[in-house]
Amino acid sequence: MPHREGAQDPTRRTSQQFRSLFLSDFHLGSRHCQAELLVEFLECHDAEVIYLIGDVVDGWRLKKAWYWPRTHDDVVYAILRKARLGVRVVYIPGNHDEFVRPLVGQEIRHVEILDQAVHVTAAGRSYLVTHGDQFDVVVQNAKWMAYMGSRFYEFALRTNTWLNRLRSRLGLDYWSLGAFAKRHVKGFVNIVGRFETVVADEVRRRGLDGVICGHIHHAVSRSMNGIHYVNTGDWVETCSAVAERADGGLEVIRWTGRAGQRRHPAPMPLAAKAHDRAL
């Protein structure tokens, strides 16, 4: 794709190239945003198209107290630089940055703002790309409960800060209260499971092959009754993204620094694998 400007991005000489990148849930404006790691990830990875799948800015948190350090500006500048130099950047707002939704259909500083998108991979598979909050029964039917959940998550993150300092001194690995709750607390497990089921049902209704979404801060890739469900995770705890390779395959990348990235190929349903071989 030709650059819109003659200058070249110096990070491209060393960045890993993908066909597409999908990232969500930065929560810029929150003290828990891992902005430094996110900037580093953007410097080390490039793509023809980058999807920003919602909750890029945490408007809920900024309404309560303004917090915007220079590192959060660095994230914005890194994204705008890629857009300026020819990368197609698509911004799909979520519930925490719902103030952007009135701008859907516009292009601002080379960034397209869409409500959702359908992405077709190099292998010919079609994926709904959406933040996902419209499929969250809690957000849609009990917004007060969503705010309470957000406050619990904030508490969990604050607790993690001092708890993991102690664990680090004891030589123990990082442990996440929020992630633990999503895996083991019945209420959270039910909410996550219901969300994934509703999303998969909508994708099946539309006749698509899969979905790539965010919202629940739980990076995962799996088959759900023939639908490929992929969640990008977040840049608060998991520091994860989804990448499409040149062959159309998807993989989850968990970024812990330049020397510590962990990549996980995203499994496809058996029917999808047969389809790709036929192509």
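None of the values given here were measured: they were computed from a predicted structure.

J.: Please set out the overall build of the chain residue by residue, giving values where relevant.
T.: Counting its secondary structure elements, the chain contains eight helices and 13 strands. In the chain, which comprises 279 residues, the proportion classed as buried is 51%. If you sum the accessible surface of the chain, you get close to 13,600 Å²; carbon and sulfur atoms cover 55% of it.

J.: An account of the pairing of strand β6 (residues 117–120) is requested, with residue identities and associated values reported.
T.: Alternating positions in β6 separate cleanly, Ala-117 and His-119 being buried on one face and Val-118 and Val-120 remaining unburied on the opposite face. If you look at the hairpin formed by β6 and strand β7 (residues 126–129), you'll find five residues sitting between the two strands, and Gly-124 has a positive phi there, around 85°.

J.: Any chance you could break down the sheet that holds strand β8 (residues 210–213) for me, citing the residues and the numbers?
T.: Sheet architecture is open: five strands sit in the order β6-β7-β8-β10-β9, paired in mixed fashion. A strand with exactly one partner marks an edge of an open sheet, and here the two such strands are β6 and β9 (220–224). For this sheet, the mean angle separating the axes of adjacent strands, direction not counted, is 20°. Where β8 and strand β10 (residues 227–231) come together, four bridges link them in parallel fashion. Across the sheet, Val-211 pairs through a bridge with Tyr-229, a residue of β10.

J.: Now, about unusual backbone geometry: what can you tell me, with residues and values included?
T.: At His-110, a residue that is not glycine, the phi angle is positive and equals roughly 70°. Within the secondary structure, His-110 sits in the loop between β4 (107–108) and β5 (111–113). A relative accessible area of 32% means that His-110 is categorised as partly exposed. Unusually for a residue other than glycine, Asn-225 sits at a positive phi of about 55°. Position of Asn-225 among the secondary structure elements: in the loop between β9 and β10.

J.: Which residues make up the packing of aromatic side chains, and what values do they have?
T.: Inspection of every chain in the model, using the stated rule, returns four aromatic pairs. With a centroid separation of 5.3 Å and 55° between ring planes, the pair formed by Phe-41 and Trp-235 is classed as tilted. Placement of Phe-41 in helix α1 (residues 35–44) and of Trp-235 in the loop between β10 and β11 (240–244) is noted, with a sequence separation of 194 residues between them. Taking the relative accessible area as the measure of exposure, Phe-41 reaches 0% and is therefore buried. Taking 5.7 Å as the distance between ring centres and 80° as the angle between the ring planes, the aromatic pair formed by Phe-41 and Trp-255 counts as edge-to-face. Of the two residues, Phe-41 sits in helix α1 while Trp-255 sits in the loop between β12 (250–254) and β13 (262–265), which places them 214 residues apart along the sequence. Each of the two residues, Phe-41 as well as Trp-255, counts as buried. Aromatic ring contacts, followed pair by pair, group Phe-41, Trp-235 and Trp-255 into a single cluster.

Reading the values: rules and limits
Every chain's residues receive numbers from 1 upward, in the order its sequence appears when written. Predicted model: local features are reported for residues with pLDDT of at least 70 only, side-chain atom pairs are reported and counted for 80 or more only, and whole-chain, interface and lining totals are derived from all residues. In computing side-chain properties, one takes all heavy atoms of the structure into account and sets aside hydrogens as well as water. Counting from the N terminus, the helices are the DSSP runs of H or I reaching at least four residues and the strands are the DSSP runs of E reaching at least two. In this scheme, a residue with accessible area under 20% of its type's maximum is buried, one over 50% is exposed, and one in between is partly exposed, where area comes from a 1.4 Å probe on protein chains only. Every accessible area reported is derived by Shrake-Rupley at a probe size of 1.4 Å, with residue values counting cover from the shown protein chains alone. In short, DSSP must find at least two bridges between two strands for them to pair. Axis angles are defined between N-to-C directions and span 0 to 180 degrees, where every axis is a line fitted to C-alpha atoms and, for a helix, only to the segment in contact. Ring pairs shown here join Phe, Tyr and Trp side chains whose ring centres sit within 6.5 Å, with only the six-membered ring taken for Trp; geometry is labelled stacked below 30 degrees between planes, edge-to-face above 60, and tilted in between.

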